[in-house]
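# Structural characterization, general
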Amino acid sequence: MQTIDMASTELRELNSMLQSQEGNGGDAEWVIENTRGSHALAVGLNAPIKVTVKGSAGYYCAGMNKEATVHVTGSVGPGVAENMISGSVIVEGDASQYAGATGHGGLLVIKGNASSRCGISMKGVDIVVHGNVGHMSAFMAQSGNLVILGDAGDALGDSLYEARLFVRGSVKSLGADCIEKEMRPEHLELLADLLERAGADASPQEFRRYGSARKLYHFNVDHADEY
Amino acid sequence: MCGIVGLFLKKDDLRPRLGDLLTDMLITMTDRGPDSAGIAIYGDDADGLKMTIQSATPDEDFDGLEENLTALLRGPVRMRVIDTHAVLTLPEGSEAEVRAFMAEKGIRVMGVGNSMEIFKEVGLPKDVASRFGIRQMAGSHGIGHTRMATESAVTTLGAHPFSTDGDQCLVHNGSLSNHNRMRRELARKGFAPQTQNDTEVAACYISSRLAEGANLGEALDGTLQDLDGFFTFVVGTKNGFGVVRDPIACKPAVMAETDDYVAFGSEYRAFANLPGIDNARVWEPEPATVYFWER
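Residue numbers run consecutively from 1 along every chain, following the written order of its sequence. To label them, take the chains in the order written and letter them from A, then take the ligands in the order written and number them from 1. Totals for whole chains, interfaces and linings use all residues, but because this is a predicted model, local features are given only for residues with pLDDT of at least 70 and pairs of side-chain atoms are given and counted only at 80 or more. Derived side-chain values reflect all non-hydrogen atoms in the structure, with water molecules and hydrogen atoms excluded from consideration.

Time to look at the packing of helix α6 (residues 179–188) of chain B against helix α7 (residues 198–211) of chain B. Residue and element names in this part refer to chain B. Helix axes are fitted to C-alpha atoms over the stretch in contact, other axes to C-alpha atoms as well, and angles between N-to-C directions run from 0 to 180 degrees. The helix and strand labels rest on DSSP assignments: H or I over at least four residues marks a helix, E over at least two residues marks a strand, and numbering proceeds from the N terminus. One can describe the packing of α6 onto α7 by two numbers: an axis separation of 10 Å at closest approach and a directional angle of 40°. Judged by the inter-axis angle, α6 sits oblique to α7. You can see that α6 and α7 cross each other, and the crossing is left-handed. Residues His179, Met182, Arg183 and Leu186 of α6 form the contact with α7, whose own contacting residues are Asp198, Val201, Cys204, Tyr205 and Ser208. Note on residue categories: nonpolar means Ala, Val, Leu, Ile, Met, Phe, Trp, Tyr, Cys or Pro, charged means Asp, Glu, Lys or Arg, and polar means any other residue, Gly included. Split into classes, the residues belonging to the contact of α6 with α7 amount to five nonpolar, two polar and two charged. Angles are sorted into four bins: roughly parallel if under 35 degrees, roughly antiparallel if over 145, roughly perpendicular if 65 to 115, and oblique for all others. A clockwise turn of the near helix away from the far one marks a right-handed crossing, whereas an anticlockwise turn of less than a right angle marks a left-handed crossing. Here, two residues are considered to be in contact whenever any of their heavy atoms come within 4.5 Å of each other.

Here's what the structure looks like:
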């Protein structure tokens, strides 16, 4: 295990050290200390290493992650795990805006609350939020799963494509073209697996499923006069 | 962008360190707003009325000012010059007369009140803080701002905080889109903004609502109905500290609370030097939700 103290290490130095672990058998476990809310910590990782960020992080923590496991012990600022490809990112505290935005794969777990636009334009990532999410979460979400153990804010799943949304608490309002859908056995199975992987103590039966009504997919000729 | 910081102490123990803590918070937010910086700080109550004034040529304008004001008001006047600013202590009831005097001399009035002093200038936050000796200042609460200008010029008067009534101040991250119409409405109510800056309109709005009898929470709530645009506002009054974000809430905000204080920052980084921050409750203020504390 290698410990990096951010009081004496430049951010670029940290990230290039972590990014150079691909295929060179370097230290598999890293601990980053003294983070003090710094931006862009542990971004662009590309190897199956384990990184613990001790404390809170600022903007874009663990962005573009591939294969690595990044564990943040505090809270994170806007854009955590943005555009994740694979691997996992676990946040013990809260996350600010657009957590997991545009993610293609992997697992993002937020043990506190996420604020607005969680999972915006997600493209295959799985996101599990133990607390609540803010407004416009899963806006234009294309694929993947967003699991919310708490409540969802306004306009959940607005202009949704094929991502699946599971909510245990209340939904303040659904966005355009987002509807509640039947929970079938395959969804319960999928949800059980996600909850287990996210360390969430909840039963799949307690959730409701939401998805796209697919009414925005095609041009509606009745609206022709509006153009 | 812009950076906002605020600190409201719940207990007196940290009073001597208020300026020091706020200075660290402000400097950390430099890369969000390197154009200008400012701070409003609520210190000890003055024996009279406090007025903070500013001049681009302080050597000329402040020379003999204390004596001239003493003669004008036929009462005790004290003046403490700090760089381009000076804090005057005036007899109660003399505000209008002194404002007219300052207008004639071309000296700017930054704010008035019993306990609030306000310092703002163009330049890097570390330089602004050092010019005014903010680290050495004590008090119960204060708010600060680092500016990256969007809606009006980079000038001393365009810097935040804005103070538009006694012991009131406001800082803003964002931009307002209906400020011209609001400016005319507020002028009719007697709260005419002095600059072309959009944020000053918000400060005048809060002042007008408080003058009409609203409490701080109601005045902040009114911004959600009456002001259009992007905003995170942090507001100080003599005994209070309030926060509100617009319903879209694009502008970042984070808060921290312990038994000793409530802190606001545009980013968590601003809190890194606060005592006990590792055990503080840290959360993001909800959109369209008013938070305020009063002692």
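After that view of the structure, there is still more to cover.
Residues and elements named next belong to chain B. If DSSP finds at least two bridges between two strands, the strands pair. Taken in spatial order, the four strands make up an open sheet running β9-β10-β11-β15, and their pairing is antiparallel. Edge positions in the sheet fall to β9 (169–176) and β15 (291–294), since each has one partner strand and no second. Averaged over all pairs of adjacent strands, the angle between strand axes in this sheet comes to 5°, irrespective of strand direction. In this structure, strand β11 (residues 240–245) lies alongside β15, joined through four bridges in antiparallel fashion. Directly across from valine 243, in β15, lies its bridge partner tyrosine 291. Of the strands in this sheet, β10 (229–236), β11 and β15 are in contact with helix α8 (residues 216–226), which crosses β11 at around 20°.

This brings us to unusual backbone geometry. A cis amide bond links His160(B) with the next residue in sequence, Pro161(B), at an omega value of 0°. With respect to the element layout, Pro161(B) can be found in the loop between β8 (141–147) and β9. With a phi angle near 50°, Arg36(A) is a residue other than glycine that sits in the positive phi range. Tracing the sequence through the fold places Arg36(A) in the loop between β2 (29–33) and β3 (50–53). Partly exposed residues are those whose accessible area sits between 20% and 50% of the maximum for their type, while under 20% is buried and over 50% is exposed, using a 1.4 Å probe and protein chains only. The partly exposed category is assigned to Arg36(A), whose relative accessible area is 41%.

This paragraph deals with the interface of chain A and chain B. On the chain B side, the residues contacting the twelve residues of chain A number 15 residues. As a working definition, buried area equals the accessible area (1.4 Å probe) given up by two parts on being put together, with both sides summed. For the pairing of chain A and chain B, the buried interface totals around 1,100 Å² over both sides, and the portion due to carbon and sulfur atoms is 45%. Whenever a carboxyl oxygen of Asp or Glu lies within 4 Å of a side-chain nitrogen of Lys or Arg, that contact is scored as a salt bridge. Where chain A packs against chain B, one counts zero salt bridges. Side-chain atoms alone can form a polar contact between residues adjacent in sequence; in general such a contact is a pair of N or O atoms within 3.5 Å, and within protein one must be able to donate a hydrogen while the other accepts it. Between chain A and chain B we count nine residue pairs in polar contact (both at pLDDT 80 or more) in total. Here the side of chain A that touches chain B is built from residues that sort into one nonpolar, eight polar and three charged.

Residues and elements named next belong to chain B. Inspection of every chain in the model, using the stated rule, returns 26 salt bridges over all chains. Note that aspartate 260 and lysine 11 form a salt bridge whose closest N and O atoms lie 3.6 Å from each other. Of this pair, aspartate 260 sits in the loop between β12 (254–257) and β13 (261–265) while lysine 11 sits in the loop between β1 (3–9) and α1 (18–28), and the two are 249 residues apart along the sequence. A network of salt bridges, in which partner residues are shared, links Asp31, Arg32, Glu267 and Arg269.

What follows concerns the UniProt feature "domain: Glutamine amidotransferase type-2" (unreviewed entry) in chain B. Here the UniProt-annotated "domain: Glutamine amidotransferase type-2" (unreviewed entry) positions come out as residues 2–295 of chain B. Counting secondary structure, residues 2–295 of chain B comes out at 27% helix and 30% strand; the distance between its end C-alpha atoms is 28 Å. UniProt positions are given in the numbering used here, feature names are shortened, and annotations may be inferred rather than shown by experiment.

Okay, the side chain of Ser75(A) next. Mapping Ser75(A) onto the fold places it in the loop between β4 (69–72) and β5 (88–91). Not counting residues within four places of it along the chain, the set of residues in contact with Ser75(A) comprises Gly55(A), Ser56(A), Ala57(A), Val91(A), Gly93(A) and Asp94(A).

Attention now goes to α1(B). Taken together, the buried positions of α1(B) are Leu18(B), Gly19(B), Leu21(B), Leu22(B), Thr23(B), Met25(B) and Leu26(B). Looking at the buried residues of α1(B), the elements they touch are β1, β2 (36–42), α5 (125–132), β8 and β13 of chain B.

With that settled, consider the packing of aromatic side chains. Note on aromatic contacts: the rings of Phe and Tyr and the six-membered ring of Trp form a pair at centre separations within 6.5 Å, being stacked when their planes are under 30 degrees apart, edge-to-face when over 60 apart, and tilted otherwise. Inspection of every chain in the model, using the stated rule, returns nine aromatic pairs over all chains. Relative to Phe241(B), the ring of Phe8(B) lies with its centre 5.8 Å away and its plane at 20°, an arrangement referred to as stacked. With Phe8(B) in strand β1 and Phe241(B) in strand β11, the pair connects residues that are 233 residues apart, well separated along the chain. Both residues of the pair, Phe8(B) and Phe241(B), count as buried. Considering the side-chain rings of Phe231(B) and Phe233(B), the 4.6 Å spacing of their centres and the 10° angle between planes classify their relative orientation as stacked. Residue class for Phe233(B) comes out buried when judged on its relative accessible area of 0%. Members of the aromatic cluster, each reached through a chain of ring pairs, are Tyr59(A), Tyr60(A) and Tyr98(A). When the NZ atom of lysine or the CZ atom of arginine is within 6 Å of a ring's centre and also within 35 degrees of its normal, the charge is said to sit over that ring. If you follow Arg281(B) out to its NZ or CZ, it ends over the ring of Trp283(B), 3.9 Å from the centre.

Right, let's talk about the pairing of strand β3 (residues 49–54) of chain B for a bit. Residues and elements named next belong to chain B. Counting buried positions along β3 yields six of six residues, so the element is predominantly enclosed. Along β3, one buried face is formed by Leu49, Met51 and Ile53 and the opposite face, lined by Lys50, Thr52 and Gln54, is buried too. Note that β3 and strand β5 (residues 85–90) share six bridges and pair antiparallel. Looking at β5, one finds that lysine 50 is bridged to threonine 89. Pairing of β3 with strand β6 (residues 108–113), which is carried by five bridges, proceeds in the antiparallel orientation. Bridging from a neighbouring strand, isoleucine 53 pairs with valine 109 of β6.

Residue and element names in this part refer to chain B. Read from one edge to the other, the open sheet built from seven strands follows the order β7-β2-β8-β1-β13-β12-β14, with strand pairing classed as antiparallel. Both outer strands of the open sheet, β7 (116–122) and β14 (281–283), are each paired with one neighbouring strand and no more. Each strand axis lies, on average, 10° off the axis of its neighbour in the sheet, ignoring direction. Packing against the sheet, α1 makes contact with β1, β2, β8 and β13, and its axis sits at approximately 160° to β1. Across the face of the sheet, α5 comes into contact with β2, β7 and β8 while running at roughly 135° to β7.

The next thing to look at is the nonpolar core. The nonpolar core is taken to be a set of buried Ala, Val, Leu, Ile, Met, Phe, Trp, Tyr and Cys residues, with the residues joined through side-chain atoms within 4.5 Å. Counting 48 residues, the largest nonpolar core has Leu18(A), Val51(A), Val70(A), Val80(A), Val89(A), Leu108(A) and Leu146(A) as its most contacted members. No other element matches strand β7 (residues 123–129) of chain A, which puts three residues into this core. The contacts of Val89(A), once residues within four sequence positions are left out, are Ala62(A), Asn65(A), Val70(A), Val80(A), Ala81(A), Met84(A), Leu107(A), Leu108(A) and Val109(A). Of all hydrophobic cores here, the second largest spans 32 residues; its members include Met29(B), Phe119(B), Val128(B) and Val254(B).

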